[in-house]
Amino acid sequence: MKALAIARANLVRLGRDRLGLFFVVLLPILLVLVIGLQFAGGFSPRIGVLATDPGPLGDALIASFDRLQEPWQRTRFTDRTAWIDAVERGTVDAGIALPDRYDERLRAGEDVAIEYLVEGGSVGIGLETTVRALVAAQAAEVRAARFVAAEAGGTAGARLDDVRRVAAALPDLRVSTETAGEEVFPAALLGFTLGAQSQLVLFVFLTSLTGATQLILTRTLGVSRRMLSTPTSVATILVGEFLGRFAVALTQALIIVVASSVAFGVVWGELAGAAAVVVAFALVGAGAAMLIGAVATNPEQAGSFGVVGGMLLGAAGGCMVPSEFFPPVMQTVSRLTPHAWALDGLRALAGRDATFVGVMPQVGVLLAFAAVLLGLAVWRLRVVLTR
Amino acid sequence: MTEPAVVHGATAPPVLACSDLRKRYGSRVAVDGVGFTIAAGETYGLLGPNGAGKTTTISMICGILVRDGGTVEVAGTPVDVGTPAARAAIGYVPQDLAIYPDLTARENLAFFARLYGLSGGAARARIDEVLEIVDLADRGGDRTDQYSGGMKRRLNIAIGLLHRPRLLVLDEPTVGVDPQSRNAILASVEALGREGMAILYTTHYMEEAERLCDRVGIIDEGRIQAEGTRRELVSLVGQRDTVNLAATGDLPAAAAALAGLDGVVEATPADGGLELIVDDARGNLARFLGTASDAGLSVSAVEVVEPNLEAVFLHLTGRALRD
Amino acid sequence: MRAALAIAAKDLRQRIRDRSAIAIAIVAPFGLAAMFALLIPTGAGAFQVTYAVVDADRGPLAAAFRAGPLAGLVDAGVAELVELPSEAVARDRVAARAVDAAIVIPAGFSDAVVAGVAAEIVVVGNVDANLATQVATSVASGFIDELAAIRLAVATTIVVEGSVPDPARSTELAERAQRTRVPIDIVGTTADSRQAGSATFYAASMAVFFLFFTAQFGVLSLLGERRTGTLSRIAAAPVPAWAIVLGKALATFVLAAGSMTVLVVASSLLLGARWGDPAAVSLLVLGVVVSAMGITALITTLTRTEEQAGNWNSIAAMVLAILGGAFFPVSRGPEFLQQASVLTPHAWFLRGIGDLAPPDAGISAVLVPIAALFAIGIVTGAVGLLRAARIVVGR
């Protein structure tokens, strides 16, 4: 019962500490929001279009970026300096500039040049073929219209309509595109979900690493003094602290899960499976807290080293950049962190409709992590406390 | 010390002269017209309970608190928040342990020495001296977070002595100190006074004020309620000294003989001796004993009980001094 | 001034003794920057793909397609080509992402085009290789469009003239149409990159993030010394209030600028970061240190206790870093995020470091970021220092 009281005190302390609340609850949700906003547009290419006077042909060319299988994000510029700036700073992946009186000049039979601007070495070079293809499609129409005008009379501008009419009736000469394979990030994970999963894992662990204050104080103040002042056994304090950290981790995880699904529509997948992963990961966090409590010399030290260690582990575990983007060696290293396993489980639940049974491997690994951490902590505490 | 010792009561200009000091925080008046002087070699005690205005008064005297009114002069120079140079004559020992726990005693001293313009060999020599004075010479290289409470208190005082101030201000320097360290601290304050330093000493411990202070100001609710030597203050209360004589002989006869003496208010036989209520027991003791001897008494022990500041304080404020 | 130096020296000595200060100032940002440099492969922005080519047609048009546009991709260094015997094999490879996409020219393609009936080139892309698939599709479309343009020119002429389709006339028209000019040309130019490489970006962003924890120390320690009583002891010495504040600021500046310098040098030597022109980097570092000191001084003086100040400073450090794009670039975010980022030193510092990416960029390239950083620092710092001086003098 005393252990429960100590556990409850942990939760109450969290509720009273305003900074704690910011870092434990608000910050992860804020990050979920900002990351979600960043990638709400997906990873589709961004093109900057500089056009002061595009006319109907120009408008048609610009609109053709929207009809691509995965539409590009377009930003329109009228100022040349701003357009170059955007390319140089990477606000857009590539830029095209239509010459003045684009429509008028093409219809009058004049040849025009479109400027294509990329920053060297970037993804923009790869985009060039797509831009060339869209321009070529329009050039084909204009070219045909001019040919017709030359052969049969009339102006190129007027002949455009004939060309378009005939084009619609001609048998298809086309490129068909299909996809194959299984998506690494199913659509369900995009938007806010990927970010919410990462932040949950990152912050539950961070809070655990920095929160073992009571245990550290108990250790450094000297257990005998502690026991004299309150008739509480060492084992009770340890169990209470463990339960307390577990309760804090679980509460934090629950808040993030509920808030993110209500506010941002984040998908967490099958309830039992998600609960199993979250509980197992909270146990890992509590185990890590005990280990920190067993080795740190003072709360301030646990605070600063906990933050740094938590962020490094989180990064390695794929909380900041998905581990799918890592080089192969780092992907293997990543598997040594509990973060990677928790994320794996959560992604399987949300993205691939995995069930409770399906995430048992990940849950098993997490429980093993928790057992090892707790074992190390108890072993270390026994050495310290029985000295 | 370079200062020549000054005999008490000499008419040399005072080291500290302050008058009509005032400070209010919002609607609460903390200090309300406090003023006093301290001469070289004199130890002045500011005695009062917690919250009486002692620390506020001291902060204004040291020029670290903006005052609402009044004047402060130390060694003839006006002191204020905006006049840093005038503070060079003051050695301030705050009530808090104002030392850096993560630095050694020597590093603490060296830092404050530089703030008072001491550096190089002169600073090192003076640091050795003050470490001697407070008896920390052998622990000077240790970080102060490894010190005992008493050692920290002593270092706290040592910092205030570094620049050989004309006026040393000690704000409750013995709070939370074990009896042994306390005795050592009181002894060094006595020694400093003997060497000619003017000392302002606040305390709410009666026995410290009685032991150290040449003059005492009793402060309560931001005002000096009474001021003077211990004797002067006690006479305010109107209480007299008690002399207990352990004696054998004709007690009633002796009592009658003594009762007739000038300065004796009352003389009554008691169990195994006489009890006298007198004025100025110390000044008249020889006369009393002579009369008793003439009356055929054989005196084996004499005890003089003087009324103390505790009683004075109780008389002036209607409250006990201790928290 | 001597007193200010004494205070600065004392503060620095205390900070250097405190291992967690070093952890926050140097170990943490360097560790995280190193971690990101490890995690994000260099040249992540480069575009390099592998395509499978299945030529079941073996006709003249297939040969022209392979010799023209496909060979062009290889020459441009964009793609690597793997020849595969059948569409089925190619689909398996694509599914396993052994190749990013397959370009299949079906049997009878050339004949169908010549005969004027429907024909197609098939592109099969891996589901995660969007861009690679799009490029393959575009290359094939460019080739098909040329064929279509001529066919369209011929067909429209015949329709407009109202003549009866005649193979000889069609061939004659087609030959003439082929000789017409393409009316729209594309002129490619390469802009200077004003984006830092990933090692440089993360070294810079982590440095500026943790700088906010280091920069708060001066004014924070004023509050701390007020609590422990050492501040009134310093104030009781013959030292003016401004000298105390100056000493604190000096120590903070040395600590912050020092740890930034260590980070710049260490990330250059160990992580391969390329910061650019040293003089310009120095000015940017000075600017960001001043602005971080200003903002944290202002926040700290608005609070009463060290704990409150620490809390608010941590929150500000986080929020400003997120807005300023220190964790992920804000350029993909919505407009209001990009506008808000202008208020953060993080955004200006990172923008400045990005502007130094072109090899010839010097101080003149980063005058605006430098000015913005100093402006933020001077405005917030002036208010902060005035308020800090009031902490020193009791009121």
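Everything numeric here is computed off the predicted structure, so don't read it as measured data.

Assigned secondary structure in chain B consists of ten helices and 14 strands. Taken along the three principal axes of its C-alpha coordinates, chain B extends 75 × 50 × 40 Å. The buried share among the 323 residues of chain B stands at 43%. Sequence-distant contacts in chain B: of pairs separated by 6 or more residues, those separated by 24 or more amount to 70%.

The next thing to look at is the overall build of chain A. Secondary structure summary: chain A contains 16 helices and five strands in total. Looking at chain A as a whole, 49% of its 387 residues are labelled buried. Across chain A, contacts joining residues at least 24 apart in sequence account for 77% of those joining residues at least 6 apart.

Bringing the interface of chain C and chain B into the picture now. Listed by partner, the interface residues are 21 residues for chain C and 24 residues for chain B. Mapped onto the side of chain C that touches chain B, the elements with two or more residues apiece are α1 (2-17) and α10 (230-236) of chain C. For the side of chain C that touches chain B, a count of residues per class yields ten nonpolar, six polar and five charged.

Another aspect to go through is unusual backbone geometry. The backbone of A:Arg101 shows a phi angle near 50°, a positive value even though the residue is not glycine. Mapping A:Arg101 onto the fold places it in the loop between β3 (94-97) and α5 (102-107). The exposure class assigned to A:Arg101 is partly exposed, which follows from the 17 C-beta atoms found within 10 Å. A positive phi is found at C:Arg58, a non-glycine position, where the angle reads about 60°. Inspection of the secondary structure puts C:Arg58 in the loop between β1 (49-55) and α3 (60-75).

Here the focus is the sheet that holds strand β11 (residues 241-248) of chain B. All names here are of chain B. Taken in spatial order, the four strands of this open sheet run β12-β13-β11-β14, and their pairing is antiparallel. Only two strands of the sheet have a single partner each, and these edge strands are β12 (264-270) and β14 (298-305). Looking at each pair of strands side by side, their axes are set apart by 20° on average, direction ignored. Bridge count for β11 against strand β13 (residues 273-278) is six bridges, and the pairing is antiparallel. Considered in β13, the bridge of Leu 245 is made with Leu 274. Across the sheet, helix α8 (residues 251-259) is in contact with β12 and β13; its angle to β12 comes to roughly 175°.

Turning our attention to the sheet that holds strand β8 (residues 198-203) of chain B. Residue and element names in this part refer to chain B. Within the open sheet, the six strands sit side by side as β6-β7-β8-β3-β9-β10. Their pairing is mixed. Strands with a single pairing partner mark the edges of an open sheet, and in this sheet they are β6 (90-93) and β10 (223-228). With direction set aside, neighbouring strand axes in the sheet form an average angle of 15°. Note that strand β7 (residues 167-171) and β8 share five bridges and pair parallel. By the bridge assignment for β8, Leu 167 is matched with Ala 198. This element, helix α1 (residues 54-61), spans β3 (43-47), β7, β8 and β9 (215-220) of the sheet and lies at about 150° to β7. Packing against the sheet, helix α4 (residues 149-161) makes contact with β6 and β7, and its axis sits at approximately 165° to β6.

Take helix α3 (residues 55-63) of chain A next. The set of residues buried in α3(A) consists of A:Leu57, A:Gly58 and A:Leu61. The buried residues of α3(A) all sit within an arc of 100° when viewed along its axis, so they share a single face.

Moving on to the confidence of the model for chain B. Residues and elements named next belong to chain B. Taken as a whole, chain B shows an average pLDDT of 86; of its residues, 94% reach a score of 70 or greater. The spread of mean pLDDT over the elements of chain B runs between helix α10 (residues 309-317), the lowest at 76, and helix α2 (residues 105-115), the highest at 94. Confidence drops under pLDDT 50 across residues 1-10; counting only partners more than four residues distant or on other chains, this segment forms 21 contacts. Two summary scores accompany this predicted model of the complex, namely pTM at 0.77 and ipTM at 0.78.

On to the nonpolar core, then. Of all hydrophobic cores here, the largest spans 238 residues; its most connected members are B:Leu167, B:Val169, B:Leu200, C:Leu211 and C:Val289. No other element matches helix α12 (residues 271-295) of chain A, which puts 16 residues into this core. With residues near it in sequence (within four places) discarded, B:Leu200 still touches B:Leu16, B:Ile38, B:Tyr44, B:Leu46, B:Ile58, B:Leu167, B:Val169 and B:Leu170. Residues A:Trp83, A:Tyr102, C:Phe143 and C:Ala177 belong to the second largest nonpolar core, which totals 91 residues.

Each partner contributes residues to the interface: chain C has 89 residues there, and chain A has 91 residues. Looking at the side of chain C that touches chain A, the elements that each hand over two or more residues are α2 (19-39), α4 (87-95), β4 (119-126), α6 (130-161), β5 (184-191) and α13 (306-323) of chain C. For the side of chain C that touches chain A, the leading source of residues is α6(C), giving 25 residues. Across the side of chain C that touches chain A, the residue classes break down as 51 nonpolar, 26 polar and twelve charged. One ladder, built from eight bridges, connects strand β5 (residues 173-180) of chain A with β4(C); its direction is parallel.

Before going further, it helps to spend a moment on the arrangement of the chains. Contacts are most numerous, across the two pairs of chains in contact, for chains A and C. Between chain A and chain B there is no contact, and the shortest C-alpha to C-alpha separation is 15 Å.

Below, the discussion takes up α1(B). All names here are of chain B. Burial within α1 is extensive, with eight of its eight residues counted as buried. Restricting attention to buried positions, one finds in α1 the residues Lys 54, Thr 55, Thr 56, Thr 57, Ile 58, Ser 59, Met 60 and Ile 61. Immediately beyond the C-terminal end of α1, within one or two residues, lies Gly 63, with a positive phi of roughly 75°.

So, on to the packing of helix α11 (residues 241-270) of chain C against helix α16 (residues 367-392) of chain C. Residues and elements named next belong to chain C. The geometry of α11 relative to α16 is characterised by a closest axis approach of 9 Å and an angle of 120° between their N-to-C directions. As judged from the angle between their axes, α11 and α16 are oblique. The hand of the α11/α16 crossing is right-handed. Facing Ala 241, Trp 242, Ile 244 and Val 245 of α11, the residues of α16 in contact are Leu 385, Ala 388, Ala 389 and Val 392. Residue composition of the contact of α11 with α16, grouped by class: eight nonpolar, no polar and no charged.

Fine structural detail should not be taken from predicted coordinates in areas where pLDDT scores are low. Residues and elements named next belong to chain A. For chain A, per-residue confidence averages 81 on the pLDDT scale, and 82% of positions sit at 70 or higher. The lowest-confidence element of chain A is helix α10 (residues 223-229), averaging 48 in pLDDT; the highest-confidence one is β3, averaging 91. Scored below 50 in pLDDT, residues 224-228 makes three contacts in the model with residues more than four places away or belonging to other chains.

A few words now on the pairing of strand β3 (residues 101-105) of chain C. Residues and elements named next belong to chain C. β3 sits mainly inside the fold: five of its five residues count as buried. Burial along β3 is two-sided: Ala 101, Ile 103 and Ile 105 and Ala 102 and Val 104, pointing in opposite directions, are all buried. In the sheet, β1 pairs with β3 via five bridges, with the strands oriented parallel. From the neighbouring strand, Ala 52 faces β3, where its bridge partner is Ala 102. Note that β3 and β4 share four bridges and pair antiparallel. Residue Ala 101 lies in a different strand from β4, and its bridge partner there is Gly 125.

So, how was this worked out
Residues numbered from 1 in each chain as written. Chains lettered and ligands numbered in written order. Predicted model: local features only at pLDDT ≥ 70, side-chain atom pairs only at ≥ 80, totals over all residues. Helix = DSSP H or I, 4+ residues; strand = E, 2+ residues; numbered from the N terminus. Buried ≥ 20, exposed ≤ 12 C-beta atoms within 10 Å, placed from the backbone. Contact = placed C-beta atoms within 7 Å. Nonpolar A, V, L, I, M, F, W, Y, C, P; charged D, E, K, R; others polar. Pairing = 2+ DSSP bridges. Axes fitted to C-alpha atoms, helices over the stretch in contact; angles between N-to-C directions. Arc of directions from axis to C-beta. pLDDT = per-residue confidence, 0-100. Core = buried A, V, L, I, M, F, W, Y, C linked by C-beta atoms within 7 Å. Parallel < 35°, antiparallel > 145°, perpendicular 65-115°, else oblique. Left-handed = near helix turned anticlockwise from the far one by under 90°.

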